[in-house]
Amino acid sequence: MFNEVYDVIVVGAGHAGSEAAAAAANMGSKTLLITMNLQNIAQMSCNPAMGGIAKGQIVREIDALGGYSGIVSDTSAIQFKMLNKSKGPAMWSPRVQSDRMRFAEDWRLILESTPNLDFYQEMVSGLIVENHKVVGVKTSLGLEVKAKTVVLTNGTFLNGLIHIGDKNFGGGRAGEKAATGITEQLVNLGFDSGRMKTGTPPRVDGRSLDYSKMIVQPGDVVPEKFSYSDVTKPLTEQRDCHMSYTSPEVHDLLREGFERSPMFNGRIKSTGPRYCPSIEDKINRFADKDRHQLFVEPEGWNTVEVYVNGFSTSLPEDVQFKALRSVVGFENVKFFRPGYAIEYDYFPPTQLKHTLETKLVDGLFFAGQINGTTGYEEAASQGLMAGINAALQVQEREEFILKRSEAYIGVLVDDLITKGTEEPYRMFTSRAEYRTLLRQDNADFRLTPKGYDLGLASEKRMKRMEQKQEASDKFVEFFRTTSVKPHEANPVLESKNSALVKQSDKMFKLFSRPNITTEDMRNFKAVESYIQENNLDREVIEQTEIQIKYSGYIEKEKNNADKLNRLEDVKIPKNFDYSMLKSMSLEAREKLTNIQPVTISQASRISGVSPADVSVLLVYLGR
């Protein structure tokens with residue numbers, strides 16, 4: 001049945017697998033996507049939403065490179081919000097509430113319309129490895145499919161174990177069996193493996209809720225969208241979410257089930273996500289808090305199924321039910337399905353290169369939760385990078401790596417392979433030292449040229465980005481060169497309690513004031529005329545305001561990035577023997593030997609490697 005040798009085989013069709021398969025196929029590689037159930041392609045296993053703090057920036061970056069997560073997020077959105085608008089633009093983060101069924105359907109239809117991509121439904125039970133190189137996969141039916149590269153995106157399926165109270169059973173997620181065989185083989189090949197835990201809340205019947213008792217959470221009045229392309233449009237109507245709270249009574253009811261909780265009775269031994277704790281973990285760790293927020297999120301346009309965000313739990317189903325019925329608005333709640341926790345195998349990501357290829361087996365790539373991350377967006381970005389690099393390897397082209405100063409995706413990958421992770425890794429803006437450069441509004445400027453060179457971003461998209469950049473640059477120049485007289489400026493400044501001017505000044509200087517907005521500047525006839533005559537859209541106007549107001553910060557951060565990027569150019573020889581550097585600390589020598597950093601810059605970011613250790617290394621390398 002499979003006579004040909006594929007360029008790329010992608011195992012698993014979640015968010016990572018979907019992006020990996022699309023990227024490899026769109027770059028011209030003959031690709032096979034194998035998954036245990038083709039009906040569950042790009043399933044939203046947990047919350048029905050994409051984006052959020054730092055995650056929204058990742059989705060924009062995937063889109064700018066030519067991936068599909070942004071487009072599918074737009075076509076399946078039921079609500080859009082730009083989070084952190086009260087803070088600076090480096091913190092602004094787009095998020096959509098999604099129609100769960102439409103999201104998976106749109107992804108499947110996109111993949112089915114992708115040339116060079118084949119599909120097959122079965123469990124992959126092992127790899128075919130010859131002379132430390134992967135040459136294919138084995139399936140549970142005994143089929144062998146040959147390939148030049150393989151991308152593993154197994155999610156939570158590797159020896160997955162589901163917990164609900166004192167009951168547990170094998171599964172990759174509710175209603176689906178676990179995947180076996182791969183972990184054991186990889187360990188035999190010399191890989192280190194570990195266990196992690198994640199959880200999900202109950203899904204309930206929206207018809208049984210009293211929304212009048214809850215706080216309405218509407219979308220933005222003027223919603224935006226994720227994709228920079230013109231194939232999607234902003235929402236014209238939206239569905240509301242709602243918010244309620246737990247109470248001391250709810251907490252007491254939950255505590256009654258603690259002795260039957262797998263989290264507290266020792267059944268779950270693995271580490272869960274620190275920043276997305278279960279409800280029992282929250283009331284145990286934060287005993288002084290008498291309430292916690294619950295976000296009531298519809299699962300789609302027409303379905304009555306509702307996701308109770310903030311109530312993730314592995315407590316017995318009767319305890320979940322009794323406690324949730326004591327939440328305001330949930331007095332008559334009916335369950336569609338209870339919450340549960342799931343434990344699964346992962347492989348510490350320090351065993352990977354920056355391309356996400358494994359160090360032990362050539363041509364084998366890992367992406368997503370197999371690397372210890374949590375979240376659709378983190379997984380999708382890794383899938384995109386693994387798919388790109390698998391295709392490049394087959395085509396004998398140069399590998400594709402993003403620097404920390406170029407993208408949140410670069411920060412994510414570098415954090416994983418340099419620092420590793422012992423708990424589910426989640427992206428935050430605080431993890432990115434260059435977040436002023438890595439804003440959600442400029443991901444196309446940063447990455448579309450790279451996506452175009454790879455063959456992922458289309459020529460149309462490239463031209464659209466260039467036109468936007470040119471229009472923004474010209475608008476900035478207009479403010480730099482256009483003056484305004486005191487009698488024109490002062491009424492606007494006075495209305496904003498801003499210091500008045502005594503002589504003509506450049507508009508750029510006025511606009512740079514923190515309390516002066518674009519709307520204020522449009523009170524000047526020259527500005528409004530320029531916008532109308534040049535038909536400037538919201539994106540160009542917003543980009544111009546950011547470039548003017550934050551020009552000093554942006555320039556400073558660029559200079560800092562340039563300085564550190566010089567260390568990225570100082571390569572460390574392959575298989576360098578750190579044991580001979582006796583003036584370096586023992587810890588540093590051990591960490592450097594284990595991780596084998598490629599550059600001095602990467603070496604400097606390894607936990608346990610001090611600036612003094614880096615100096616020793618630089619001296620030895622003649623720098």
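It should be emphasised that the depicted structure is a prediction, and the values quoted were computed from it without experimental measurement. (Residues numbered from 1 in each chain as written. Predicted model: local features only at pLDDT ≥ 70, side-chain atom pairs only at ≥ 80, totals over all residues. Heavy atoms only, no water.)

Enquirer: Please set out the domain arrangement of the chain residue by residue, giving values where relevant.
Expert: Domains assigned within the chain are domain 1 (6–45 + 108–199 + 344–439), domain 2 (203–341), domain 3 (459–555) and domain 4 (570–621). The C-alpha-based centres of domain 1 and domain 2 are spaced at 28 Å. Opposite the 22 residues of domain 1 that make contact, domain 2 presents 23 residues. Buried area between domain 1 and domain 2, summed over both chains or domains, comes out near 2000 Å², and the portion from carbon and sulfur atoms is 53%. The closest approach of N and O atoms between R274 and E423, which form a salt bridge, is 2.9 Å. (Domains from an automatic or database assignment. Contact = heavy atoms within 4.5 Å. Buried area = accessible area lost by both parts, 1.4 Å probe. Salt bridge = Lys/Arg side-chain N within 4 Å of Asp/Glu carboxyl O.)

Enquirer: Give me the lowdown on empty space enclosed by the protein, citing residues and values where you can.
Expert: Under the counting rule described, the total for this entry stands at one cavity of 30 Å³ or more. Lining the largest cavity are D74, A77, F80, V96, E224, K225, K233, P234 and L235. Partitioned by chemical class, the residues of the lining of the largest cavity number five nonpolar, no polar and four charged. (1 Å grid on protein atoms, 1.4 Å probe; cavity = no way out; pocket = protein on both sides within 12 Å on 5 of 7 lines; lining within 4 Å. Points joined across faces, edges and corners; volume = space filled by probe spheres on them. Nonpolar A, V, L, I, M, F, W, Y, C, P; charged D, E, K, R; others polar.)

Enquirer: I'd like a description of the layout of surface pockets, backed by residues and values.
Expert: Taken as a whole, the second largest pocket encloses approximately 1100 Å³ of empty space. Surrounding the second largest pocket, 40 residues form its lining, K353, H354, E399, I401 and V598 being those nearest its centre. Tallied by class, residues from the lining of the second largest pocket come to twelve nonpolar, eleven polar and 17 charged. Counting contributing residues per domain, the lining of the second largest pocket is built from domain 1 (6–45 + 108–199 + 344–439) and domain 4 (570–621), each supplying no fewer than three.

Enquirer: Describe the UniProt feature "binding site: FAD" (unreviewed entry) in the chain, listing the residues and the values that go with them.
Expert: According to UniProt, the feature "binding site: FAD" (unreviewed entry) maps to G12, A13, G14, H15, A16 and G17 in the numbering used here. With respect to the helices and strands, G12 occurs in the loop between β1 (6–11) and α1 (15–26). Beyond its immediate chain neighbours, meaning those up to four positions away, G12 contacts G17, L33, I34, T35 and T153. Here H15 is to be found in helix α1. The exposure class of H15 is buried, given its relative accessible area of 6%. (UniProt positions renumbered as here; feature names shortened; annotations may be inferred. Helix = DSSP H or I, 4+ residues; strand = E, 2+ residues; numbered from the N terminus. Buried < 20%, exposed > 50% of the residue type's maximum accessible area, 1.4 Å probe, protein only.)

Enquirer: Could you give me a rundown of the nonpolar core, with the residues and numbers involved?
Expert: Counting 104 residues, the largest nonpolar core has I9, V150, L152 and L364 as the members making the most contacts within it. A total of ten residues in this core trace back to one element, the largest contributor, which is helix α9 (residues 376–394). When residues of this core are sorted by domain, at least three fall in each of domain 1 (6–45 + 108–199 + 344–439) and domain 2 (203–341). Counting residues in hydrophobic clusters, the runner-up holds 23 residues, among them F478, V501, I531 and I548. (Core = buried A, V, L, I, M, F, W, Y, C linked by side-chain atoms within 4.5 Å.)

Enquirer: Can you lay out unusual backbone geometry for me, pointing to particular residues and giving the numbers?
Expert: Backbone phi values are negative for most residues with the exception of glycine, while trans is the configuration of most peptide bonds. A positive phi angle, close to 55 degrees, is found at N497, a residue other than glycine. Tracing the backbone through its elements, the reader meets N497 in the loop between α13 (486–495) and β22 (505–506).

Enquirer: Any chance you could break down helix α10 (residues 408–419) for me, citing the residues and the numbers?
Expert: For α10, with twelve residues, the first-to-last C-alpha span of 16 Å sits near the 16 Å given by 1.5 Å per residue. Extensive coverage of α10 is indicated by the burial of eleven of its twelve residues. Of the positions making up α10, those classed as buried are Y408, I409, G410, V411, L412, V413, D414, D415, L416, I417 and T418. If you follow the buried residues of α10, they end up packed against α2 (55–65), α9, α19 (586–595) and α20 (600–604). A positive phi of about 70 degrees marks G420, the residue just after α10. (Expected span 1.5 Å × (residues − 1).)

Enquirer: Please give an account of the pattern of salt bridges that cites residues and values.
Expert: Applying the stated criterion across every chain, the model contains 43 salt bridges. Across the salt bridge formed by R195 and D345, the nearest N and O atoms sit 2.9 Å from each other. Of the two residues, R195 is situated in strand β12 (residues 194–200) and D345 in strand β19 (residues 340–346); the sequence distance between them amounts to 150 residues. Residue K468 is joined to E539 by a salt bridge in which the shortest nitrogen-to-oxygen separation is 3.2 Å. Here the residue K468 occupies a position in helix α12 (residues 459–481), and E539 occupies one in helix α17 (residues 538–549), the gap between them amounting to 71 residues. Residues K468 and E539 agree in their burial class; the two are buried. One network of salt bridges, with partners in common, ties together R404, D414, D415, K419, E433, E568 and R605.

Enquirer: Pulling in residues and values, what's your account of the side chain of R589?
Expert: Relative to the helices and strands, R589 is located in helix α19. For the buried R589, no salt bridge is present, and the opposite-charge side chain at shortest range is D613, 7.4 Å distant. Beyond its immediate stretch of four places on either side in the chain, R589 contacts Y578, S579, L581, K582 and M584. (Lys, Arg positive; Asp, Glu negative; His and termini not counted.)

Enquirer: I'd like a rundown of the pairing of β19, residues and numbers included.
Expert: In terms of burial, β19 is a largely internal element, seven of the seven residues being buried. Going residue by residue along β19, you find Y340, I342, Y344 and Y346 tucked away on one face and A341, E343 and D345 tucked away on the opposite face as well. The pairing of strand β10 (residues 161–164) with β19 spans three bridges and is antiparallel. From the neighbouring strand, L161 faces β19, where its bridge partner is E343. (Pairing = 2+ DSSP bridges.)

Enquirer: Can you tell me about the sheet that holds strand β4 (residues 77–83), naming the residues and giving the values?
Expert: Sheet architecture is open: three strands sit in the order β3-β5-β4, paired in antiparallel fashion. With partners counted over all chains shown, the strands left at the sheet margins are β3 (49–51) and β4, one partner each. Averaged over all neighbouring strand pairs, the angle between strand axes comes to 15 degrees, with direction disregarded. As judged from the six bridges shared by β4 and strand β5 (residues 93–98), these two strands associate in the antiparallel manner. The residue of β5 that forms the bridge with Q79 is Q97. (Axes fitted to C-alpha atoms, helices over the stretch in contact; angles between N-to-C directions.)

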